[in-house]
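Below are the chains, spelled out letter by letter.
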2 protein chains.
Amino acid sequence: MRRIGEFKKKARIMLIDDNFDHLSGIKELINMESNFDVIATSTNANVGISLVKKYRPDIVLMDINMPEKDGLSAMQEIEKLELGVKVIALTGYDDPDLIFRAMKIGAKGYILKTMASAQLIYAIEEVANGKIYLPSALSSRFFDYFQKSFKEEANEVSDEDNLLTYLTAREEEVLELLTQGVTYKGVASQLFISETTVKTHVNNIFQKLQVNDRTQAVLYALNNGFSNRRRMKVAI
Amino acid sequence: MRRIGEFKKKARIMLIDDNFDHLSGIKELINMESNFDVIATSTNANVGISLVKKYRPDIVLMDINMPEKDGLSAMQEIEKLELGVKVIALTGYDDPDLIFRAMKIGAKGYILKTMASAQLIYAIEEVANGKIYLPSALSSRFFDYFQKSFKEEANEVSDEDNLLTYLTAREEEVLELLTQGVTYKGVASQLFISETTVKTHVNNIFQKLQVNDRTQAVLYALNNGFSNRRRMKVAI
DNA sequence: AACGGTCTAATCCCTTTGGTCTACTTAGCC
DNA sequence: GGCTAAGTAGACCAAAGGGATTAGACCGTT
């Protein structure tokens, strides 16, 4: 919108943290040690969100651990506004799950309160320059978690007792169409075979997948790696 | 450089790179500048995989860009062996998609050939110590890509023209059961209503979702955020 | 009290799907 | 040449699903 050129202007920062002392501490730090402007602060997530709407800061430093409304939800709401506001998560915990969720929601950075103040400033600079900043210690944890979640998925799917492997090529074609909501008539015409042939294939599929009807077959297929590509945006 | 004490034994390294010159260069480097052992090398991915099975190195440095068999597939095969072998991807490209796929498969590190040799050694050390190493420039790219893929997904699903929002509470209950492969009879008995009532609800569901049959309704539900939790391992 | 939305349910009718059995053709294999 | 697996297709019957209409009960709102 009105974001001219690079970042010649001082980045405008907003702080949201339920701990007032901490809030003023960070504010002091930023004002002293950097050339950023803290334009607003809030000890309450909901008020903070309103302020974000009003002032449209470049960057929001958001404490994730707050009572009433947790910081992740607040962050999500800010992301939904699509104002281009960059949110940096700030918390005392380096819980991988928390890190993962924050990054998934769209956090542009994640820093621990225990980290050196210089690192905070550096993180803000990086984020102000359009990068995403995650300390390498945390990113290592993130990746552990990330890979584990994919591994579990892969295990569940590509197990050797996947009944889908028993299907013949033609049966797979038929099932593929069923997973698209096509009727037997439709399958017949698309595969240039008769409807009774489709029924024969379908019955064989039921036997092999140990299910009783079309819906169950489709669900089995979907839950066991069949045509995973549509469901998993980022395929290997 | 000699960081003794962190890992007792010298880590055993294997190199796979189709470029022989590069291979020997890295080997030299590692032998000279670190206390790791290069126990085997290969200019061919398939041979490399065999060697991995045979020697079970601690770490494999794998070039991702190779002819015949690409490094990602090779890496995936090595991961499938579940030998605990740590693979570091090595390539000339910092393509975010490539980085993402490598990390998804289970790469314990990703380094560019253009990076300083000290960084290569450092990456190996980190990985040897059980961490995952991704240079911050690359991890920034990774996160961009990562967040974008989730954003697309969120957009697709939580769009305001999601027909599922028109369903009443009872209709949702019915649909929920349908997405589990339950028949009308089953729905009726589980919800303590008659089968004809189920049919009424189902017909209303069809109208609202603009579909013609059970399978299509289930597919619509699954593709539009309904009971997403089962499909998405790591929910927010 | 009247209205609209939801949940419930029935009836009638027709279509689709599912189960079983048989049978022909083709391709690959010992 | 016979065997097997896969693909094709028919007949027949039963069960389930789907479309349309009607209608009573309940609840919250106006």
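Residues numbered from 1 in each chain as written. Chains lettered and ligands numbered in written order. Predicted model: local features only at pLDDT ≥ 70, side-chain atom pairs only at ≥ 80, totals over all residues. Heavy atoms only, no water.

Let's shift gears to the side chain of Gln 216 of chain A. Looking at the element boundaries, Gln 216 of chain A is found in helix α10 (residues 214–223). Of note is the side chain of Gln 216 of chain A, whose polar atom sits 2.8 Å from the backbone oxygen of Gly 181 of chain B. Excluding residues within four positions of it along the chain, Gln 216 of chain A makes contact with Val 211 of chain A together with Gly 181 of chain B. (Helix = DSSP H or I, 4+ residues; strand = E, 2+ residues; numbered from the N terminus. Polar contact = N/O pair within 3.5 Å; in protein donor to acceptor, adjacent residues only side chain to side chain. Contact = heavy atoms within 4.5 Å.)

To continue, consider the packing of helix α2 (residues 45–55) of chain B against helix α3 (residues 71–81) of chain B. Between two packed helices, what matters for the description is the angle formed by their axes and the separation of those axes. All names here are of chain B. Contact geometry for α2 and α3: axes closest at 10 Å, N-to-C directions at 20 degrees. With respect to each other, α2 and α3 are oriented roughly parallel. At the point where α2 passes α3, the crossing takes the right-handed sense. Note on element contacts: α3 touches α2 through Ala 74, Glu 77, Ile 78 and Leu 81, opposite Ala 45, Ile 49, Val 52 and Lys 53. Taken together, the residues that form the contact of α2 with α3 break down as six nonpolar, no polar and two charged. (Axes fitted to C-alpha atoms, helices over the stretch in contact; angles between N-to-C directions. Parallel < 35°, antiparallel > 145°, perpendicular 65-115°, else oblique. Left-handed = near helix turned anticlockwise from the far one by under 90°. Nonpolar A, V, L, I, M, F, W, Y, C, P; charged D, E, K, R; others polar.)

Moving on to the relation of the copies chain A and chain B. Superposition of chain A onto chain B requires a rotation of 180 degrees combined with a translation of 0.3 Å along the rotation axis, giving an RMSD of 0.3 Å. Taken together, the turn and the small shift mark the pair as related by a two-fold rotation axis. The C-alpha atom lying nearest the rotation axis in chain A is that of Thr 215 of chain A; the distance is 2.8 Å. A high fraction, 100%, of the interface residues of chain A reappear at the interface in chain B, so the copies pair face to face through one surface. (Least-squares fit on C-alpha atoms with pLDDT ≥ 70 in both.)

In a beta sheet, neighbouring strands are held together by backbone hydrogen bonds and run either parallel or antiparallel to one another. Residue and element names in this part refer to chain A. With respect to topology, five strands assemble into an open sheet ordered β2-β1-β3-β4-β5, the strand pairing being parallel. With one partner strand each, in any of the chains shown, β2 (37–42) and β5 (109–112) form the two edges of the open sheet. With strand direction ignored, the average angle separating the axes of adjacent strands in the sheet is 20 degrees. Against the sheet, helix α3 (residues 71–81) makes contact with β3 (59–63) and β4 (86–91), and its axis sits at roughly 160 degrees relative to β3, the strand it touches most. Along the sheet, helix α5 (residues 117–128) contacts β1 (12–16), β3, β4 and β5; its crossing angle with β4, the most-contacted strand, is approximately 160 degrees. (Pairing = 2+ DSSP bridges.)

This part is about the sheet that holds strand β5 (residues 109–112) of chain B. Residues and elements named next belong to chain B. The five strands are arranged β2-β1-β3-β4-β5 in an open sheet whose pairing can be described as parallel. Among the strands making up the open sheet, the edge pair consists of β2 (37–42) and β5. Strand-to-strand twist of the sheet, defined as the mean angle between neighbouring strand axes without regard to direction, takes the value 20 degrees. Alignment of strand β1 (residues 12–16) against β2, held across five bridges, turns out to be parallel. Within β2, the position partnered with Ile 16 by the bridge is Ser 42.

Looking now at the protein's contact with DNA strand C. Around DNA strand C lies a shell of 18 residues, among which Tyr 184 and Lys 199 of chain A together with Thr 168, Arg 170 and Ser 194 of chain B are the nearest. Put simply, 69% of the atoms of DNA strand C that lie within 4 Å of the protein are in sugar or phosphate. Among the elements of the structure, α8 (184–191) and α9 (195–209) of chain A together with α7 (169–178) and α9 (195–209) of chain B are those that each provide at least two residues to the surface near DNA strand C. Looking at which element gives the most residues to the surface near DNA strand C, the answer is α9 of chain B, with four residues. (Near = heavy atom within 4 Å.)

Time to look at α7 of chain B. Along an α-helix, residues three or four positions apart point the same way, because every turn accommodates 3.6 residues. Taken together, the buried positions of α7 of chain B are occupied by Glu 171, Val 174, Leu 175, Leu 177 and Leu 178 of chain B. Burial along α7 of chain B is one-sided: seen end-on, the buried residues are contained in an arc of 160 degrees. Along its buried surface, α7 of chain B packs onto α10 of chain A together with α8 (184–191), α9 and α10 (214–223) of chain B. (Buried < 20%, exposed > 50% of the residue type's maximum accessible area, 1.4 Å probe, protein only. Arc of directions from axis to C-beta.)

What follows deals with the pattern of salt bridges. Counted by the stated rule, this structure contains 15 salt bridges over all chains. The partner of Asp 213 of chain A in a salt bridge is Arg 214 of chain B, with the nearest N and O atoms 3.6 Å apart. Of this pair, Asp 213 of chain A sits in the loop between α9 and α10 while Arg 214 of chain B sits in helix α10, which puts the two residues in different chains. In this structure, Asp 97 of chain B engages Arg 101 of chain B in a salt bridge whose closest nitrogen and oxygen atoms are separated by 3.0 Å. (Salt bridge = Lys/Arg side-chain N within 4 Å of Asp/Glu carboxyl O.)

As a measure of interface size, the accessible area lost when the parts come together is often cited. Facing the 44 residues of chain A at the interface are 45 residues of chain B. Across the chain A-chain B interface, the total number found is two salt bridges. At the junction of chain A and chain B, the tally comes to eleven residue pairs in polar contact (both at pLDDT 80 or more). Counting residues per element, the side of chain A that touches chain B draws most heavily on helix α6 (residues 136–157) of chain A, at 13 residues. Tallied by class, the residues present in the side of chain A that touches chain B amount to 19 nonpolar, twelve polar and 13 charged.

Before going further, it helps to spend a moment on the packing of aromatic side chains. By the definition in use, this model includes 19 aromatic pairs over all chains. For the ring pair Phe 142 of chain A and Phe 146 of chain B, a centre distance of 5.4 Å and an interplane angle of 90 degrees mean the geometry is edge-to-face. Residue Phe 142 of chain A is found in helix α6, and its partner Phe 146 of chain B is found in helix α6 (residues 136–157); the two belong to separate chains. Judged by its relative accessible area of 0%, Phe 142 of chain A is buried. Taking the centre distance of 6.0 Å and the plane angle of 80 degrees together, the rings of Phe 146 of chain A and Phe 146 of chain B count as edge-to-face. With Phe 146 of chain A in helix α6 and Phe 146 of chain B in helix α6, this residue pair bridges two chains. (Phe/Tyr/Trp six-rings, centres within 6.5 Å; stacked < 30°, edge-to-face > 60°.)

Taken together, the neighbourhood of DNA strand D is formed by 18 residues, with Thr 168 and Ser 194 of chain A together with Tyr 184, Lys 199 and Arg 214 of chain B sitting nearest. The side chain of Arg 170 of chain A places a nitrogen or oxygen atom 2.7 Å from a phosphate oxygen of DNA strand D. The backbone of Arg 214 of chain B places a nitrogen or oxygen atom 2.7 Å from a phosphate oxygen of DNA strand D. Secondary-structure elements contributing two or more residues to the surface near DNA strand D are α7 (169–178) and α9 of chain A together with α8 and α9 of chain B. With four residues, the single largest contributor to the surface near DNA strand D is α9 of chain A. Residue composition of the surface near DNA strand D, by class: four nonpolar, nine polar and five charged.

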